[in-house]
Amino acid sequence: MNRKTAAFYNYFSFLYPIVDVFLKPQKTILFKEVNAMPNGKLLEIGVGNGVHFKHYKKHEITGIDTSATMLKIARKNRFGNVSLLEMSGEAIQFSDEEFDYIVLSHVIAVVDNPQLLLTEAYRVLKPGGQIFILNHFTTDNWLRYVDHSLRQIAKLLHFKSIFRIEDIPAIEKFELRKQINLGVASYFKLLIYQKP
Ligand SMILES: C[S@@+](CC[C@H](N)C(=O)[O-])C[C@H]1O[C@@H](n2cnc3c(N)ncnc32)[C@H](O)[C@@H]1O
């Protein structure tokens, strides 16, 4: 866990609803996919301010985040069957094979160590369980130049602008079940993987 990232999100939390306006269309797709699954135990890592809760129509939800301020807001947005904990996705304090689903929405390029995040996610996911990864991914088209030019500002904003899922070895343990391309030139993607 990166304390500077947690501190950044503590300060930034009041502005996050503005960012979320732009993410709404792609998140609608995420919720549709998650709600189409049979009822189960869902872990959302980097749960943020909890705006997602009202969109989950089923499942027993556990949300974890490293930002105490984000979690404070999430507690106010708590809706239905939700529990919240201050915990890093890079050191998950749950037993092996505890969850049916994991949601990583705009968090995989924020954490310090995405390899550790996916290793931990794999550990706590049940065999046959699914992980939903919503994020920007550096493309092979012209948009990659935007990612390269944003590198420095992205550092200040605590995310990796250059981010490719295939660069994380732990992803190879999962099987890709579905890919939904989103946004201009497929800059955003919803990737749904299954633990064999
Ligand atoms: C860009 S926000 C995304 C919030 C929410 N998932 C969404 O889609 O709106 C990233 C969130 O990840 C959290 N975060 C950063 N590093 C983390 C870690 N190692 N473990 C858990 N949460 C983390 C931040 O505090 C922040 O709330």
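Structure first, text after, so check above.
An account of the accompanying structure is given in this report. No experiment lies behind these values; they were computed from the predicted model shown.

The rules behind these values
- Residues numbered from 1 in each chain as written.
- Predicted model: local features only at pLDDT ≥ 70, side-chain atom pairs only at ≥ 80, totals over all residues.
- Heavy atoms only, no water.
- Near = heavy atom within 4 Å.
- Polar contact = N/O pair within 3.5 Å; in protein donor to acceptor, adjacent residues only side chain to side chain.
- Areas by Shrake-Rupley, 256 points an atom, 1.4 Å probe, with all protein chains shown as cover.
- Phe/Tyr/Trp six-rings, centres within 6.5 Å; stacked < 30°, edge-to-face > 60°.
- Lys NZ or Arg CZ within 6 Å of the ring centre and 35° of its normal.
- Core = buried A, V, L, I, M, F, W, Y, C linked by side-chain atoms within 4.5 Å.
- Buried < 20%, exposed > 50% of the residue type's maximum accessible area, 1.4 Å probe, protein only.
- Helix = DSSP H or I, 4+ residues; strand = E, 2+ residues; numbered from the N terminus.
- Contact = heavy atoms within 4.5 Å.
- Patch = residues over 30% accessible without salt bridge, like charges linked within 9 Å, V, L, I, M, F, W, Y side chains within 5 Å.
- Salt bridge = Lys/Arg side-chain N within 4 Å of Asp/Glu carboxyl O.
- Arc of directions from axis to C-beta.
- Pairing = 2+ DSSP bridges.

### Observations regarding the site of the ligand
- Around the ligand, 23 residues are found, and the nearest of them are K27, G46, D65, E90 and S105.
- Contact distances for the ligand include 3.0 Å between an oxygen atom and a side-chain N or O atom of Y16.
- Here a nitrogen atom of the ligand and a backbone polar atom of G46 are 2.7 Å apart.
- Taking 600 Å² as the accessible area of the ligand by itself, protein coverage stands at 97%.

### Some points on the packing of aromatic side chains
- This structure, assessed with the given rule, holds eight aromatic pairs.
- Here the aromatic cluster, defined as three or more aromatic residues joined through ring pairs, consists of Y122, F174 and Y193.
- Over the ring of Y122 we find K195, and its NZ or CZ is 4.5 Å from the ring centre.

### Some details on the nonpolar core
- Of all hydrophobic cores here, the largest spans 30 residues; its most connected members are L104, I131 and I133.
- Breaking this core down by element, the ones donating at least two residues are β1 (41-45), β4 (99-105), α4 (114-124), β5 (125-136) and β7 (188-194).
- The biggest single contributor to this core is α4, with five residues.
- If sequence neighbours within four positions are ignored, I133 has contacts with L104, I108, L118, I165, I171, K189, L190, L191 and Y193.
- Core analysis: the next-biggest nonpolar cluster, separate from the first, contains 21 residues, L84, F132, L182 and I192 among them.

### A closer look at the side chain of T5
- Position of T5 relative to the elements: it lies in helix α1 (residues 3-12).
- According to the relative accessible area criterion, T5 is buried, its value standing at 9%.
- Excluding its chain neighbours within four sequence positions, the residues that come into contact with T5 are V110 and H158.

### Considering a nonpolar patch on the surface
- A cluster of nonpolar side chains, W142, Y145, V146, L150, I153, L156, L157 and V184, forms an exposed patch at the surface whose accessible area comes to about 800 Å².
- Looking at the nonpolar patch, the elements that each hand over two or more residues are α5 (143-149) and α6 (151-156).
- Looking at the secondary structure, you find L150 in the loop between α5 and α6.

### A look at the side chain of S105
- The topology assignment puts S105 in strand β4.
- Residue class for S105 comes out buried when judged on its relative accessible area of 6%.
- Residues within four places of S105 in sequence aside, it is in contact with K27, L30, E44, H52 and L134.

### Some details on helix α3 (residues 68-76)
- Burial in α3 covers these residues: M70, L71 and A74. Buried residues along α3 cover an arc of 95 degrees about the axis, so they all sit on one side. Along α3, the residues that are exposed and aim more than 90 degrees away from the buried face are K72 and K76.
- At its buried positions, α3 is contacted by α1, α2 (16-35), β2 (60-65) and β3 (82-86).

### Looking at the pairing of β4
- The buried count for β4 comes to seven of seven residues, which makes it a mostly enclosed element.
- Summarising the sheet, β1 and β4 pair through three bridges and their orientation is parallel. In the strand pairing of β4, L42 is matched with Y101.
- Of the pairings in the sheet, the one linking β4 to β5 comprises six bridges and is parallel in character. Looking at β5, one finds that I102 is bridged to I131.

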